[in-house]
Amino acid sequence: MPVSTVPYSEVDVLIIGAGPAGLMCANALANAKVNVRIVDKRAAKVTAGQADGISPRTIEVFQSYGIGERLIRESVQIHQAAFYKPSSSGGIELTSRTPDVTAPSARYPFEMALHQGAIEAIFLDSMKALGVEVERSTIPTSIEVSKDENELTDSASYPVRVALQRLDAPEGQPQEEIVHAKYVVGADGAHSWVRKQFDIAMEGEQSDFIWGVLDMVPETDFPDVRNKSLVHSNYGSALLVPREKDRLRTYIQLEDKDIIDPATGRVDKERVGPEELLAVARRTLHPFKLIPTTGILWWTLYIIGQRVALKFSIKNRVFIVGDACHTHSPKAGKRLTFGQGMNASMNDSHNLAWKIALSVRGWAEPSLLSTYETERRKYALDLIAFDKVFSTLFSGKPLTEENSDGVAPEQFLKAFQKFGGFTSGIGELASGLVIGERFPPYKFIRAADAWPFEIQDILPSDFRFKLLVFTGDFSDPLQEARVKSMVANVQTPESFLNRYATPGKSSENARFDIITITKGRKEGFEFLQVPTLLRPHWSKVFIDDTDITGSFGGKGYSYYGIGPEGALVVVRPDGYVGAIAPLDHVEELDAYFASFMKITA
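Residues numbered from 1 in each chain as written. Predicted model: local features only at pLDDT ≥ 70, side-chain atom pairs only at ≥ 80, totals over all residues. Heavy atoms only, no water.

K.L.:
Explain helix α17 (residues 586-594) here, please?
P.N.:
At 3.6 residues per turn, the α-helix brings residues three or four places apart onto the same side. Among the residues making up α17, those that are buried are V586, L589, Y592 and F593. Along the long axis of α17, the arc covered by the buried residues comes to 110°, so they all point the same way. Looking at the buried side of α17, the elements it contacts are β24 (465-473), α14 (477-490), α15 (496-499), β25 (512-519), β27 (567-571) and β28 (577-581). (Buried < 20%, exposed > 50% of the residue type's maximum accessible area, 1.4 Å probe, protein only. Helix = DSSP H or I, 4+ residues; strand = E, 2+ residues; numbered from the N terminus. Arc of directions from axis to C-beta. Contact = heavy atoms within 4.5 Å.)

In structure tokens, the structure reads:
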């Protein structure tokens with residue numbers, strides 16, 4: 001009899017789990033032309049419900065991959081938040097309306113809502129065009145990481161062994177496959193199989209707050225049904241989020257008597273269904289009516305909890321992203337801030353993908369991969385701390401004559417505005433550029449043709465470092481000399497630009513993209529006077545000036561806190577500021593890149 005053999009394969013990156021975090025990672029790596037596979041146990045993609053909120057920063061990230069326009073086109077924009085409190089007549093009444101996004105540097109000053117299935121479809125279509133598709137009905141059954149240190153530090157090795165099982169393999173076809181991967185990314189959710197295989201503990205706690213969720217197309221006289229509405233009532237709290245196609249998502253706080261089994265004292269999900277949730281929602285929103293016109297489209301229950309994994313990686317070869325390494329309330333800290341969990345998950349992958357891509361190419365030391373855990377675990381802990389404050393405020397009893405210890409509307413609104421920069425995914429721009437924060441948007445004028453450009457659109461996620469050269473006023477002889485001296489320093493063999501040059505047929509620098517931003521007037525500026533190094537293409541020179549109509553622009557230097565002497569700014573492949581140096585201190589950038597970048601053999 002013939003001996004059956006298990007198929008064997010090699011891949012640069014194997015991603016386990018095809019939710020938003022896994023798909024963001026797969027799409028990013030496919031764009032980087034990394035050999036990537038992604039598997040998922042589900043037989044079909046998500047079509048309804050689940051996560052739905054998209055933060056301003058996440059819109060920027062989608063735009064950097066060239067898929068932002070579709071996201072904006074298909075989503076509902078949320079520009080305003082409304083706040084309700086108990087009324088003297090026993091119902092609820094409006095207390096205030098406020099901008100939903102308060103971060104002053106937001107390129108997109110709104111949040112968006114779109115169901116998870118549609119968000120995933122954007123990734124799936126983008127990946128398919130790049131030759132990558134999800135392998136469904138496939139689960140991992142074992143995973144091993146080599147203990148050989150030489151193998152672990154060799155960027156060309158495949159030190160992770162994963163056994164995969166096809167759940168729908170046709171008769172006569174092998175069900176099992178052995179995959180050897182350079183890197184594995186566990187994007188397999190809150191009950192992560194990958195995390196459990198390495199006994200990575202989750203630290204945190206579970207609250208006593210229990211919530212339900214309903215999706216519907218409503219008939220209602222609630223006046224803020226198309227705004228994000230945060231409701232405190234005498235019967236509990238609710239969050240209303242407008243959705244695409246006239247839909248409404250309603251988050252409803254449940255009382256213990258609604259869902260706790262008195263005999264066991266434990267949550268009994270059989271006690272509550274969509275009709276019971278609808279009754280609680282109507283009680284909370286009284287005197288306004290809430291009638292589903294086409295039935296309940298989707299519903300679920302959950303208990304608020306906040307947990308963070310003790311570590312996000314194993315030997316810089318296996319990584320966990322998204323809910324696999326941090327979980328938070330799907331409402332108060334996550335959806336009151338609106339989709340914060342899904343946004344954090346996708347941004348985990350955005351942070352990790354470029355680091356893996358550079359490592360696969362042999363361009364980066366292992367120390368670069370270590371920064372994934374350093375950066376994203378800190379963010380997760382900050383998110384959890386924020387989540388605890390917000391979930392407690394929102395789930396707490398409102399301030400009334402009978403409840404003097406309750407949450408006052410002013411207190412809740414103040415917290416909402418205070419945390420606006422965090423929940424938008426955009427840090428506050430305190431004074432200029434901040435290392436470790438995303439490069440903020442601003443419009444500059446292209447020197448060659450006076451065409452205005454949003455600077456984020458010339459910083460795409462193409463896995464290159466962007467060197468932004470703020471030259472100052474090039475017509476000033478002293479400043480011109482300063483710039484030419486800087487150019488001479490950058491062109492030395494020891495400089496990072498030459499030290500890490502990658503041989504290739506293309507004239508385009510594979511690791512660095514130089515963009516020049518000068519001061520002056522578009523009418524009299526000649527871009528050809530800029531040194532050749534600083535204009536690798538005619539489209540790479542910009543002026544900090546107003547547009548032709550005088551409507552915007554001209555204050556970019558002051559907005560970023562850059563003086564007339566200019567500056568060198570390194571923007572990482574994920575759009576975050578990596579380093580800032582004066583024009584006459586190129587050696588500071590040499591040191592920055594030397595800390596993680598490899599010289600090509």
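The structure having been displayed, the exposition proceeds.
K.L.:
How should I be thinking about helix α10 (residues 340-360) in this particular structure?
P.N.:
Between the first and last C-alpha of α10 there are 30 Å, a value that for 21 residues agrees with the 30 Å anticipated at 1.5 Å per step. With 21 of 21 residues buried, α10 lies mostly within the body of the structure. Of the residues flanking the end of α10, it is G362, one or two places downstream, whose phi is positive at about 80°. (Expected span 1.5 Å × (residues − 1).)

K.L.:
Before we go on, may I ask you to explain the packing of aromatic side chains in this structure?
P.N.:
Here the distance between the centres and the angle between the planes together describe a pair of aromatic rings. The final tally for this structure, using the stated rule, is 28 aromatic pairs. On the basis of an interplanar angle of 65° and a centroid distance of 6.3 Å, the ring pair of Y442 and Y560 is categorised as edge-to-face. With Y442 in the loop between α13 (420-423) and β22 (443-446) and Y560 in helix α16 (residues 556-560), this residue pair connects regions lying 118 residues apart in the sequence. Take Y442: its relative accessible area is 15%, and that puts it in the buried class. Y560 gets classed as buried once you look at its relative accessible area, which sits at 2%. Here the aromatic rings of Y592 and F593 are separated by 5.0 Å at their centres, their planes lie at 70°, and the arrangement is edge-to-face. (Phe/Tyr/Trp six-rings, centres within 6.5 Å; stacked < 30°, edge-to-face > 60°.)

K.L.:
I'm lost on empty space enclosed by the protein in this one. Help?
P.N.:
Empty space among the atoms can be located by rolling a probe the size of a water molecule over them. Tallying each qualifying case throughout the model produces 3 cavities of 30 Å³ or more. Empty space within the largest cavity amounts to approximately 130 Å³. Lining the largest cavity are 16 residues; nearest its centre among them are R57, S64, Q456, L459 and G575. Here the lining of the largest cavity gets 5 residues from one element, more than from any other, and that element is helix α2 (residues 56-64). (1 Å grid on protein atoms, 1.4 Å probe; cavity = no way out; pocket = protein on both sides within 12 Å on 5 of 7 lines; lining within 4 Å. Points joined across faces, edges and corners; volume = space filled by probe spheres on them.)

K.L.:
I keep staring at the side chain of E120 and nothing clicks. Help me out?
P.N.:
Tracing the backbone shows E120 in helix α4 (residues 116-129). This buried residue, E120, is left without a salt bridge; R42 holds the nearest opposite charge, at 4.4 Å. At 2.7 Å, the side chain of E120 forms a polar contact with the side chain of Q116. If near-sequence neighbours (up to four positions away) are discounted, E120 is found in contact with A18, G19, P20, L23, R42 and V46. (Lys, Arg positive; Asp, Glu negative; His and termini not counted. Salt bridge = Lys/Arg side-chain N within 4 Å of Asp/Glu carboxyl O. Polar contact = N/O pair within 3.5 Å; in protein donor to acceptor, adjacent residues only side chain to side chain.)

K.L.:
Can you help me understand the pairing of β27 in this one?
P.N.:
Remark: a regular strand shows side chains that alternate across the two faces of the sheet. Of all 5 residues that make up β27, 5 are buried, and the element is covered over most of its length. Bridge count for β24 against β27 is 5 bridges, and the pairing is antiparallel. Pairing of L468 across the sheet is with V569, part of β27. As paired strands, β27 and β28 are joined by 4 bridges and run antiparallel to one another. By the bridge assignment, L568 is partnered in β28 with A581. If you look at the hairpin formed by β27 and β28, you'll find 5 residues sitting between the two strands, and G575 has a positive phi there, around 90°. (Pairing = 2+ DSSP bridges.)

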